[in-house]
Amino acid sequence: MMTFLTIFLVLVGINIALVAVSLIRVSQKTKTRSQKSDKQPTPVIYPLDLLTTSYKKAV
């Protein structure tokens, strides 16, 4: 007969295994993304010039 402590430890062990697998997959995805981003040129972002814009008066 399984006690509460045995069931709890089994569930904690499964949880630790799932977290470890998740962290490994995330680290692999970041490695492939960084390799792909090195090949693509960085887009140029122009600053907004909000002070010199002129607005038309609404009727």
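Residues numbered from 1 in each chain as written. Predicted model: local features only at pLDDT ≥ 70, side-chain atom pairs only at ≥ 80, totals over all residues. Heavy atoms only, no water.

A.B. asks: Summarise the overall build of the chain; cite the residues concerned and give the values.
C.D. replies: Looking only at helices and strands, the chain features one helix and zero strands. A total of about 6500 Å² of accessible surface is found on the chain, and carbon and sulfur atoms cover 68% of it. (Helix = DSSP H or I, 4+ residues; strand = E, 2+ residues; numbered from the N terminus. Areas by Shrake-Rupley, 256 points an atom, 1.4 Å probe, with all protein chains shown as cover.)

A.B. asks: Got a sec to walk through a nonpolar patch on the surface? Specific residues and values, please.
C.D. replies: There is a patch of nonpolar side chains on the surface, built from Met2, Ile7, Val10, Leu11, Ile14 and Leu18 and spanning about 590 Å² of accessible area. With respect to the helices, strands and loops of the structure, valine 10 is situated in helix H1 (residues 4-39). Assessed through its relative accessible area of 43%, valine 10 is described here as partly exposed. (Patch = residues over 30% accessible without salt bridge, like charges linked within 9 Å, V, L, I, M, F, W, Y side chains within 5 Å. Salt bridge = Lys/Arg side-chain N within 4 Å of Asp/Glu carboxyl O. Buried < 20%, exposed > 50% of the residue type's maximum accessible area, 1.4 Å probe, protein only.)

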